[in-house]
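# Inside the fold
Spelled out, the chains give:
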Amino acid sequence: MTQQASARLSRRLITVWTICVLIFLYMPMVAVILASFSKQRYFRFPIQRWDTVWYEKAMESLSVRELLWTSLSIAVLVTLFSVVLAFFGALAFARYDWKGRKLYQRLVLLPIFFPQAVLGLALLLWFSALGVTTSWHTAVFAHMVWILPIVILIMSIQAYSFDPALEEAAFDLGATRWQVLREVTLPILSPGIISGGIFAFLLSWGNFPLSLFSTGADQTVPEWLYSKMVSGYTPMVPTLGSLTMSGAALMVALCYITWLILRARRRAQGLSKS
Amino acid sequence: MSTASPGDRQRWYRSPGLLAAAPAAIFLLIGFAGPLLMVIGFSFMPPKSFSLAEPPTLANYQSVISASYYISLLWSLWLATCTVIILFVVCYPVAYGMAKLFGKWANLVTVLIAIPLLISENIRLFGWLLLLLQNGILDGSLRSLIGVEMHGLLYTFPAIVLGTVYVYLPFMLFPLVIGISMIPDTLKEAASDMGASRWQVFWEVELPLSMPGIMIGGILTFILSLGSMAESKILGGQAIITIVDDIESAFTFAQNWPKGSVLSVLLIALSGLIVFMLFRRVDLDRIIGRR
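The model shown is predicted, which means the values in this text are computed figures rather than measured ones. (Residues numbered from 1 in each chain as written. Chains lettered and ligands numbered in written order. Predicted model: local features only at pLDDT ≥ 70, side-chain atom pairs only at ≥ 80, totals over all residues.)

From N to C terminus, chain A includes 11 helices and 0 strands. Starting at the N terminus, the α and β elements of chain A follow one another as α-α-α-α-α-α-α-α-α-α-α. Taking 2.2 N^0.38 as the reference for a compact globule, 274 residues should give roughly 19 Å; the C-alpha atoms of chain A span a radius of gyration of 24 Å, well beyond that estimate. Expressed as a percentage of the 274 residues in chain A, the buried residues total 42%. Considering only contacts within chain A whose residues lie at least 6 apart along the sequence, 75% involve residues at least 24 apart. (Helix = DSSP H or I, 4+ residues; strand = E, 2+ residues; numbered from the N terminus. Rg over C-alpha atoms; globule rule 2.2 N^0.38 Å. Buried ≥ 20, exposed ≤ 12 C-beta atoms within 10 Å, placed from the backbone. Contact = placed C-beta atoms within 7 Å.)

Next comes the structure, spelled out in structure tokens:
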């Protein structure tokens, strides 16, 4: 076999393998969607009767609405707080040169490597020692301990490509610290802020180990799904699972479209200026 | 910083790193360092106590070491080892393709692999439950197509490994992509021009040069699967008891905070040691961004 032919063969093998891995990744999600359209109370495959009856039941159910509302409130607050804190955190991580930077970089990433279940239990202990009753408010705090470092990491990737000369130029032209932040730093970092925000929202929305120990009497969607999974099958699980999956897909699509529009607008502006 | 001369203030303008780091750092001190120190503190308290004011003792460490907790720790370590080895074998070709072969398609593959990360782990594991269940999707389709029965797939150790491999795949893949893309193509060409076989190029050029990525991916997935909980709960049933299961039952059912703290400290120390070794060898600035 010539060298070229063997290179072509290995290239083809790698492509086929990659497609297999992608199928492997999406197979369980397809399974959940299939199961959500089955009419039977107990799951059997092949599915005998297809129906959307469980979607109607989920829409009508008050407890489902409450679950979604709790998960949504937590995720929105986590996103807001994390993005604001991580914006400055990422500047300190990647943009500024300062004395404690190397140490800060390592310490701030530690929570990502920490087993989430243990972190959740430690926070449960912490809250009860401080006399704080756990509810969805404490879950916001708990989620942030793990999500904030991830958002800092994501925004840092953007902040590394930041040219400090831009800020300095603005200072030299007489801009105040606040003006520089608003009109130079913020726009440059905006792609990182948006992707950091998406990650914060969806990681909080889907989190289970931290919620399990920090929500107290309140319940999030992943917690409810888990409690139903271990206590026996109910068709509401794939239904609610499919609903949250389509919610996540919708959000990713919306962000992508916004990004496309923004890019097109920026390009148009660039053209009209030049 | 109470004696801020005008010169100092000028410097604050130019290097406000500490100022920018402060909010996140203070939050993590309260939300991460605080609970961590408290767990360490509780590990030295007498068994079953709920306050930190007792005289410190090593009784919990002794009882944990003499009891059979090493079994669950060994199971967790074995689970993590299996996961990392399988993930490396599965991910290396894909990462190689993404870094060197796919060109513009690599972006699409990246997005497709990242999207499942945004969907709750529980839902995806539930999908595997449906696939592996008796009368589930695998069992049911095999029976109706070729008449083979597939029982007993669920609630076994391999099912848990499948779960951890599945959930942590991106955490191995993305570091590998970064690692492999750091290999200059010219080195490989030079090696094959000098007569190295494909295998030799892989073994003596590609593998050593992509080591930083392999290390990060391996250690990240090792630690994540060491501390995993949902996989063994959902797909494993009672097949094995992991160290995290032990920690959880000590804190919740048994209400023995000091014992749970000792087990947590052992797990944290183990993962911490591994992360520490990683951070000593890897330059974050170089991996994430500039320089």
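Scanning chain B from N- to C-terminus turns up 15 helices and 0 strands. Taken over the C-alpha trace, chain B has a radius of gyration of 24 Å; the compact-globule value for 291 residues is 19 Å, which it surpasses by more than 25%. Considering only contacts within chain B whose residues lie at least 6 apart along the sequence, 74% involve residues at least 24 apart.

Let us look at the environment of Ser 181 of chain B. Within the secondary structure, Ser 181 of chain B is located in helix α8 (residues 157–181). A C-alpha to C-alpha distance of 8.7 Å links Ser 181 of chain B and Met 98 of chain B, two positions 83 residues apart in sequence.

We now examine the confidence of the model for chain A. Confidence in the prediction of chain A, expressed as mean pLDDT, is 86, and 97% of residues score 70 or more. Confidence, read as mean pLDDT per element, is least for helix α2 (residues 53–60) of chain A in chain A (80) and greatest for helix α9 (residues 209–214) of chain A (92). (pLDDT = per-residue confidence, 0-100.)

Take the domain arrangement of chain B next. Here chain B is partitioned into domain 1 (1–42) and domain 2 (59–288). Each of domain 1 of chain B and domain 2 of chain B was reduced to a C-alpha centroid, and the two centroids are 34 Å apart. (Domains from an automatic or database assignment.)

So, about the interface of chain A and chain B. Listed by partner, the interface residues are 70 residues for chain A and 74 residues for chain B. Elements with a contribution of two residues or more to the side of chain A that touches chain B: α1 (3–36), α3 (62–95), α4 (101–113), α5 (116–130), α6 (136–160), α8 (177–206), α10 (221–230) and α11 (236–273) of chain A. When residues in the side of chain A that touches chain B are grouped by element, the largest group, 14 residues, is from α1 of chain A. Taken together, the residues of the side of chain A that touches chain B break down into 53 nonpolar, 11 polar and 6 charged. (Nonpolar A, V, L, I, M, F, W, Y, C, P; charged D, E, K, R; others polar.)

A few words on the packing of α5 of chain A against helix α2 (residues 17–42) of chain B. To describe two helices that pack against each other, one gives the angle between their axes and the distance between the axes. Packing of α5 of chain A against α2 of chain B brings their axes to within 9 Å, and their N-to-C directions diverge by 90°. Between α5 of chain A and α2 of chain B, the angle falls in the class roughly perpendicular. Between α5 of chain A and α2 of chain B, the residues in contact are Ala 122, Leu 123, Leu 125, Trp 126 and Ala 129 of chain A and Gly 34, Pro 35, Leu 36, Met 38, Val 39 and Phe 42 of chain B, respectively. Residue composition of the contact of α5 of chain A with α2 of chain B, grouped by class: 10 nonpolar, 1 polar and no charged. (Axes fitted to C-alpha atoms, helices over the stretch in contact; angles between N-to-C directions. Parallel < 35°, antiparallel > 145°, perpendicular 65-115°, else oblique.)

Residues and elements named next belong to chain B. A positive phi angle, close to 65°, is found at Asn 135, a residue other than glycine. Among the structural elements, Asn 135 can be located in the loop between α6 (121–132) and α7 (137–146). With 13 C-beta atoms counted inside 10 Å, the residue Asn 135 sits in the partly exposed group. For Gln 255, which is not a glycine, the phi torsion comes out positive at approximately 50°. If you trace the backbone, Gln 255 turns up in the loop between α13 (243–251) and α14 (257–281). A count of 12 C-beta atoms within 10 Å places Gln 255 in the exposed class.

Moving on to the environment of Ser 227 of chain A. Residue and element names in this part refer to chain A. The topology assignment puts Ser 227 in helix α10. The class of Ser 227 is exposed, set by 12 C-beta atoms lying within 10 Å. For the pair Ser 227 and Val 237, spaced 10 residues apart in sequence, the C-alpha to C-alpha distance is 9.9 Å.

A separate point is the packing of α6 of chain A against α8 of chain A. Residue and element names in this part refer to chain A. Remark: α6 packs on α8, axes separated minimally by 8 Å, with the N-to-C direction vectors making an angle of 155°. With respect to α8, the axis of α6 lies roughly antiparallel. Seen from above, α6 lies across α8 with right-handed handedness. Residues His 143, Ile 147, Ile 150, Val 151, Ile 154, Met 155, Ile 157, Gln 158 and Ala 159 of α6 lie in contact with α8, whose contacting residues are Leu 189, Pro 191, Gly 192, Ile 193, Ser 195, Gly 196, Phe 199, Ala 200, Leu 203 and Ser 204. Split into classes, the residues belonging to the contact of α6 with α8 amount to 13 nonpolar, 6 polar and no charged. (Left-handed = near helix turned anticlockwise from the far one by under 90°.)

Turning to the confidence of the model for chain B, a few remarks are in order. Residues and elements named next belong to chain B. Mean pLDDT over chain B: 84, with 91% of residues reaching 70 or higher. Here helix α1 (residues 6–14) stands out as the element of chain B with the lowest mean pLDDT, 50, in contrast to helix α4 (residues 69–101), whose mean of 92 is the highest. In the predicted structure, residues 1–9 sits below a pLDDT of 50 and forms 1 contact with residues beyond four places in sequence or in another chain. Taken over the whole predicted complex, pTM reads 0.83, whereas the ipTM for its chain interfaces reads 0.83.

Let us look at the environment of Leu 107 of chain A. All names here are of chain A. Of note, Leu 107 is situated in helix α4. Exposure remark for Leu 107: the 17 C-beta atoms within 10 Å place this residue in the partly exposed category. Along the backbone, Leu 107 and Ser 71 are 36 residues apart, and their C-alpha atoms lie at a distance of 29 Å.

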